[in-house]
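Inside the fold
Chain residues, written in single-letter form:
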Amino acid sequence: MNFVHRFNDFEKIINDCFPSVLRDAIMEVSRYMQTPAPLVLNAVLASISASAQGIADVEIYSGSRKPISLFLAAIEESGDRKTSIDEIFAAPFKQYDSEAIKRYREETAQWKLDRQTWMNKKKKAQRDFNKEKISEEQLQEVINSEPKKPVLQQIQISDTTSEALIEKLSNYGLAYIKSSEGGSLLKSRLTSNLMMLNILWDGESYTKNLTGDDPIIIESPRVTLNLMLQLKILEDFLTGKGESARESGFFARLLMTKPKSMQGQRKYRQTGSLPPEKIDPVLGRIKSLLQRSMDRTNRNDKRSVLKISEHHADYINSFSEFIEYRIAPGGQFHDVKDAASKTRENALRIAACLHLFIDEADNQIISFDALEIGCHLALQYLFEFKKIFSEDPMQNAAEDEQELLQWIANRNLLNQSQGVRLTDIQKSGPGRLRKNNILMPALTRLWQQGRIGYAKIGNKKTIFPAVTQSQFTTYNQQIRPCNHSMNPWLGNKHSNFFVSGHYNDESINFPNNTHRDYSGYLKEHRKIEGTNGV
């Protein structure tokens, strides 16, 4: 069976491919929290990865085993409720860490008592040795009996530094790193060492040499990373790090998503609580995997190796070829070939995580269902990566236009159909679209398509959305059509459009309109575009 690309967004993959227990939980949280499903998906995958990473590794190619740990990142606006979503699926980790901290405090208190007893014994043994009452071997035996300091087996780490992370992993090799709202982790010293993060993703041992002291050694770490980023912070980080941030390969390892925000569309009403029958099965399975992972790690048991069956080798190989053919010069993924080169491995990591979640029989052959989901998700994450990092300036054009038009329409309703000022978009519009070099081309394209019009209300440059007859009905009469004598249209191209709003005697300008009094804006935009007209 060969891989066939069948999906264009995360929700279709979730609804068509996911097992019901995961699908129902993801879509219910998305509905209840009124937040994009990809944000919920990231939280679920991160929790599964962090809970299962100590149980098994996955075979990428014959003889090549890698961690199943995932590095995920969601680019979202402040207020998209990513933190609240993470808290839902991180509940098992919070409970485990709370118990681990309590246990650590009790063990530390006992260790202090035991160590004081040991120090007294060591002093006595030293005196006895000096008096030749005991041999050197007996003295060394006492010295070697020093009580071992307890290790805090805490899993979750928030906004850490590279030094703190190295110390933590040298004592205990499992970690779930989470960033707080706004991506402060990118601002921390942890990201000053991107190569170390790459090594952690690869699961390779890491040594940090210390001047005048023994080196710190991390053996086979397993780390899940879950970042929440605002686009401005990501852009600032990339600007500060320059090409080295991208060239380091760190971002290529990330499964990144930038879903459309639902802010401005959410309804505030009494919604009750999340139905436990949809959420508890997922949390229960995550808790079970976490306990298995910790038990194996504490016993120093070897991780098992999950593999693809020979019957499904053609599927993953055809998936790899699907990607490979598109990273050639001129190919669809040529400008993001760094991320494309990691897509097979990320697909198998996702598949392994889902397999462990779904299969309770401890089968070491990854099911085809998990493999199929892993491939479709990894490919969709690659498309998302391309939207974020593509060097093609028109890559995000359609998405920008749709997001901007939706924002203008929503704000126009809030303004009682009196239009939206250009300055409002520049100050309060969708994050990346506030920049003139992105905003002005998007406005021009919308104007050329007849999807917005312009007018001067007093001295203010004001923008109005246009809606079709069917869309006008959908607005439930909240948008009033203008008097067409005040807003003439030429030609039949726009004869089925209503203009939203009621604007007294002002003129609204659309393509081919005889009234073109928006020359100030057009002049400003021609300067940015370098063209002679709109």
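The residue numbering used here restarts from 1 in each chain and proceeds along that chain's sequence as written. Totals for whole chains, interfaces and linings use all residues, but because this is a predicted model, local features are given only for residues with pLDDT of at least 70 and pairs of side-chain atoms are given and counted only at 80 or more. Side-chain numbers come from the whole structure's heavy atoms, not from hydrogens or water.

Next up on the list: helix H16 (residues 343-358). Helix numbering and strand numbering both begin at the N terminus, where a helix is a DSSP run of H or I of at least 4 residues and a strand a DSSP run of E of at least 2. Helix span, expected: 1.5 Å multiplied by one less than the number of residues in the helix. With 16 residues, H16 should cover 22 Å at 1.5 Å per step; its first-to-last C-alpha distance of 22 Å lies within 8% of that length. Counting buried positions over the 16 residues of H16 gives 15, a clear majority of the element. Burial classes: relative accessible area under 20% of the type maximum marks a residue as buried, over 50% as exposed, and values in between as partly exposed (1.4 Å probe, protein chains only).

It is worth spelling out the nonpolar core at this point. Throughout, nonpolar core names a set of buried Ala, Val, Leu, Ile, Met, Phe, Trp, Tyr and Cys residues whose side chains join them through atoms within 4.5 Å. In this structure, Phe89, Phe251, Met256 and Leu377 are the most contacted members of the largest nonpolar core, which totals 116 residues. Broken down by element, this core gets its largest block of residues, 14 residues, from helix H17 (residues 368-389). Any two residues having at least one pair of non-hydrogen atoms within 4.5 Å are treated as being in contact. Ignoring anything within four residues of it in the chain, the contact list for Phe89 reads Val29, Val40, Ala43, Val44, Ser47, Val282, Leu283 and Ile286. Formed by 18 residues, the second largest nonpolar core is a distinct cluster that contains Ile408, Leu443, Leu446 and Ile452.

On the surface, Lys122, Lys123, Arg127, Lys131 and Lys133 cluster together into a patch of positive charge. By the element assignment, Lys131 lies in the loop between helix H5 (91-130) and helix H6 (136-143). Under the relative-accessibility criterion, Lys131 is labelled exposed at 57%. Candidate patch residues must exceed 30% relative accessible area and have no salt bridge, after which like charges are joined if within 9 Å and Val, Leu, Ile, Met, Phe, Trp or Tyr side chains if within 5 Å. Here the Shrake-Rupley method, with its probe set to 1.4 Å, supplies the accessible areas, and only the displayed protein chains count as covering residues. In the sections that follow, a salt bridge refers to a side-chain nitrogen of Lys or Arg positioned within 4 Å of a carboxyl oxygen of Asp or Glu. Asp and Glu count as negative and Lys and Arg as positive, but His and the ends of the chain are not part of the count. Charge positions come from single atoms, namely NZ of Lys, CZ of Arg, CG of Asp or CD of Glu.

Take the sheet that holds strand S10 (residues 304-306) next. Each pair of strands is called paired provided DSSP finds at least two bridges between the two strands. With respect to topology, three strands assemble into an open sheet ordered S2-S1-S10, the strand pairing being mixed. Edge strands, defined here as strands with exactly one partner in the open sheet, are strand S2 (64-67) and S10. Shown here is a sheet whose adjacent strand axes are inclined to one another by a mean of 45 degrees, direction ignored. One ladder, built from four bridges, connects strand S1 (residues 56-61) with S2; its direction is antiparallel. Note on definitions: angles span 0 to 180 degrees between N-to-C directions of axes, and those axes are lines fitted to C-alpha atoms, for helices only across the stretch in contact.

On to the pattern of salt bridges, then. All chains considered together, the criterion is met by 18 salt bridges. Lys278 is the salt-bridge partner of Glu28, the closest N and O atoms lying 3.9 Å from each other. In this pair, Glu28 sits in helix H2 (residues 20-33) while Lys278 sits in helix H13 (residues 276-298), placing the two residues 250 residues apart along the sequence. Look at Lys278 and you get partly exposed, because its relative accessible area is 28%. The salt bridge partner of Arg65 is Asp57, with a shortest N-O separation of 2.8 Å. Residue Arg65 is classed as partly exposed on the basis of its relative accessible area of 41%. Residues participating in the shared-partner salt-bridge network are Asp57, Arg65, Arg222 and Arg303.

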